[in-house]
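# Observations on chain architecture
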Amino acid sequence: MEPYSFSKILDKWNTEHILRLYDSVNEEKIINAIKKEALSIDDLIALLSPKATPFLEQIAQKAHRLTRWHFGRTISIYAPIYLSNLCASDCVYCYFASHSGIREKRVTLAEEQIREECIELNKKGIQTVLLLTGDAPNRVPVDYIANAVRIAKEYFKSVSVEVYSMEEKEYAQLASTGTEGVTLYMETYDKDTYDKVHLSGKKRDYTYRLDALERAGRAGIRRLTCGALLGLSNWRLDMVWLALHAKYLEKTCWQSVISLSFPRLKHTPSRFKVPHLVSLEELVQIITAMRLFLPYSPFNLSTRESAEVRDHLIPLGITSMSAGSSTRPGGYKVFHDTTTTQRPVLEQFEIDDHRTVEEVVQAIKQKGYDPVWVDFEPGFIKSL
Ligand code: SF4
């Protein structure tokens, strides 16, 4: 397969084609999709259809069985570490956006501050972390991120990044430092919506972002996490495109694990109202239908969701959860105390699950699941 060709698949699976398939869904197609072992995209569309809501209980039961079968009673735990909130892109839904109008402090953690954050999370038992930055390659270059990975590797067994889209050779540089995963959400696969919500900066380049995870996979990154920001556009289209993307990456980057996240947009800067709010019932339909389509893929759920919602979703397909999160650089230690600084450090979004790591661990155990602190062998990583 020629490199970076997912856009050709998207051309084939255009909006009109997918909407026609949604129109053709009937009860028989939904029941057949629930019974099947290997689902086609047409089957997934049947399960994501509004006509499938009366079958949600059956879909959820099968999602539960498949997740137990492939992952056992386990939930992996990770925590984000925000390295910087500088951003040169202007995404209307994000507090870090260059023109968000929010005056809180912009910072990039120095080496010693990264260490302080790592030590603080380490004390809480965290072994898997995700390092995040905004989209500011001039001020927060690849060398800085690679160095942050090196530092974090001194404290944690698994280090992944969620940063700006890079060239393949830059991803290779991160892989060579021991970066296990790259998380990169397309936000929305709908090109018109994408153009409307990404006003300026590097992130405005739709195709460059679309191909980024494939570049990361080809560069040797072991775990690729994709997702769409639920609420930006019609989720019934975005989830089909996300499923196609995951399948495409499974083929082109066959040495990597392809995992999915389901970030639901709720809190946004005042200039932007979420145009397609996703209900809890819809979120359940999304996660459970995707589980039937992708039975082996790890599914993540972040603290964007409340404690109650996260606990409810544990048995329905989720395999990995963040815990004790802060979305502010220095939020665990360096700038933890917001009462002593005149201007607090800007956070990326408000979290809805404020429990400590220990409280999340207890909640997982109460559901009859085992928390897993690290779910891979370091020997899998090329550089080690
Ligand atoms: S979503 Fe990312 S690129 Fe866009 S404004 Fe926020 S931090 Fe910057």
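What this report covers is the structure whose coordinates are included nearby. (Residues numbered from 1 in each chain as written. Predicted model: local features only at pLDDT ≥ 70, side-chain atom pairs only at ≥ 80, totals over all residues.)

## Remarks on the overall build of the protein
Threshold: The way it works is that DSSP assigns letters per residue, a run of H or I at least four long becomes a helix, a run of E at least two long becomes a strand, and they are numbered from the N terminus. Only the C-alpha atoms count toward the radius of gyration. The rule for a globule is 2.2 Å times the residue count to the power 0.38. Any residue whose C-beta has 12 or fewer other C-beta atoms within 10 Å is treated as exposed, any with 20 or more as buried, and any in between as partly exposed, C-beta atoms being built from the backbone. Think of it this way: build a C-beta for each residue from its backbone, and any pair within 7 Å is a contact.
Assigned secondary structure in the protein consists of 15 helices and nine strands. Compactness check: the protein gives a C-alpha radius of gyration of 20 Å against a globular reference of 21 Å for 384 residues, within 12% of the reference. Referenced to the eigenvectors of the C-alpha coordinate spread, the extents of the protein come out at roughly 60 × 45 × 45 Å. Among the 384 residues that make up the protein, the fraction classed as buried is 49%. When contacts within the protein are restricted to residue pairs at least 6 apart in sequence, those whose partners lie at least 24 apart make up 78%.

## Concerning the nonpolar core
Formally: Put simply, a nonpolar core is buried Ala, Val, Leu, Ile, Met, Phe, Trp, Tyr and Cys residues tied into one set by C-beta atoms within 7 Å.
Residues Leu47, Val129, Leu131, Ala152 and Cys226 are the most contacted members of the largest nonpolar core, which totals 112 residues. It is helix α12 (residues 235-252) that provides the largest number of residues to this core, a total of ten residues. Leave out the neighbours within four places in its chain, and leucine 131 touches Ile81, Leu83, Ile145, Ala148, Val149, Ala152, Val159 and Val161.

## So, the site of the ligand
Short version of the rule: Nearness is defined per residue: the C-beta atom, placed using the backbone, must lie within 6 Å of the molecule or strand. Just so you know the grouping, Ala, Val, Leu, Ile, Met, Phe, Trp, Tyr, Cys and Pro go in nonpolar, Asp, Glu, Lys and Arg go in charged, and all remaining residues, Gly too, go in polar.
Neighbouring the ligand are the residues Cys87, Ser89, Cys91, Cys94, Phe96, Ala97, Gly134, Asp135 and Lys203. Looking at the shell around the ligand, its residues break down into five nonpolar, two polar and two charged.

## Examining the pairing of strand β2 (residues 128-132)
Rules: Strand pairing is assigned whenever DSSP detects at least two bridges linking the two strands. The handedness of a crossover follows from its direction of travel: if, with the strands pointing away from the viewer, the path from the first strand over the helix to the second runs clockwise, the crossover is right-handed.
Here β2 lies mainly inside the structure; five of its five residues are buried. Burial along β2 is two-sided: the face carrying Thr128, Leu130 and Leu132 and the face carrying Val129 and Leu131 are both buried. Note: strand β1 (residues 74-82) against β2, four bridges, orientation parallel. Bridge pairing links proline 80 to leucine 130 in β2. Since β2 and strand β3 (residues 158-162) lie parallel, the crossover through helix α7 (residues 142-153) that links them has a hand, and here it is right-handed.

## A short note on the environment of isoleucine 30
Position of isoleucine 30 relative to the elements: it lies in helix α3 (residues 27-35). Those residues in contact with isoleucine 30, other than ones at most four positions away along the chain, are Val25, Ala46, Leu47, Lys51, Ala52 and Phe55.

## Some thoughts on helix α13 (residues 280-293)
Put simply, the rule reads: Each residue after the first adds 1.5 Å to the expected span of a helix.
The end-to-end C-alpha distance of α13, which contains 14 residues, comes to 20 Å, matching closely the 20 Å that a straight helix rising 1.5 Å per residue would cover. Most of α13 is tucked away: twelve of the 14 residues are buried. For α13, the full list of buried residues reads Glu282, Leu283, Val284, Gln285, Ile286, Ile287, Thr288, Ala289, Met290, Arg291, Leu292 and Phe293. If you follow the buried residues of α13, they end up packed against α4 (41-48), α5 (56-71), α12, β6 (257-261), β7 (299-301) and α14 (307-313).

## Here we look at the environment of histidine 354
Relative to the helices and strands, histidine 354 is located in the loop between β8 (320-322) and α15 (357-366). Exposure remark for histidine 354: the 12 C-beta atoms within 10 Å place this residue in the exposed category. Along the primary structure histidine 354 and arginine 139 are separated by 215 residues, whereas in three dimensions their C-alpha atoms are 31 Å apart.

## Examining the pairing of β1
With respect to burial, β1 is a largely interior element, eight of its nine residues being buried. The sheet contact formed by β1 and β8 spans three bridges and is parallel. Its bridge partner lying in β8, isoleucine 77 is registered against methionine 321. Handedness of the crossover joining β1 and β2 through helix α6 (residues 111-123): right-handed.

## Some points on the packing of α12 against α13
Note the following rule: Geometry is summarised by axes, namely lines fitted to C-alpha atoms with helices restricted to the contacting stretch, and by angles between N-to-C directions that run from 0 to 180 degrees. When describing relative orientation, an angle under 35 degrees is termed roughly parallel and one over 145 degrees roughly antiparallel, while 65 to 115 degrees is termed roughly perpendicular and anything else oblique. Left-handed is the label given to a crossing in which the near helix is rotated counterclockwise from the far helix by less than a right angle, and right-handed is the label when the rotation is clockwise.
Two elements in contact, α12 and α13, have axes separated by 11 Å at closest approach and are oriented at 25°. Judged on the interaxial angle alone, α13 and α12 are roughly parallel. Between α12 and α13 lies a crossing whose hand is right-handed. For the pair formed by α12 and α13, the contact residues are Trp235, Met239 and Ala243 on the first element and Glu282, Ile286, Met290 and Phe293 on the second.

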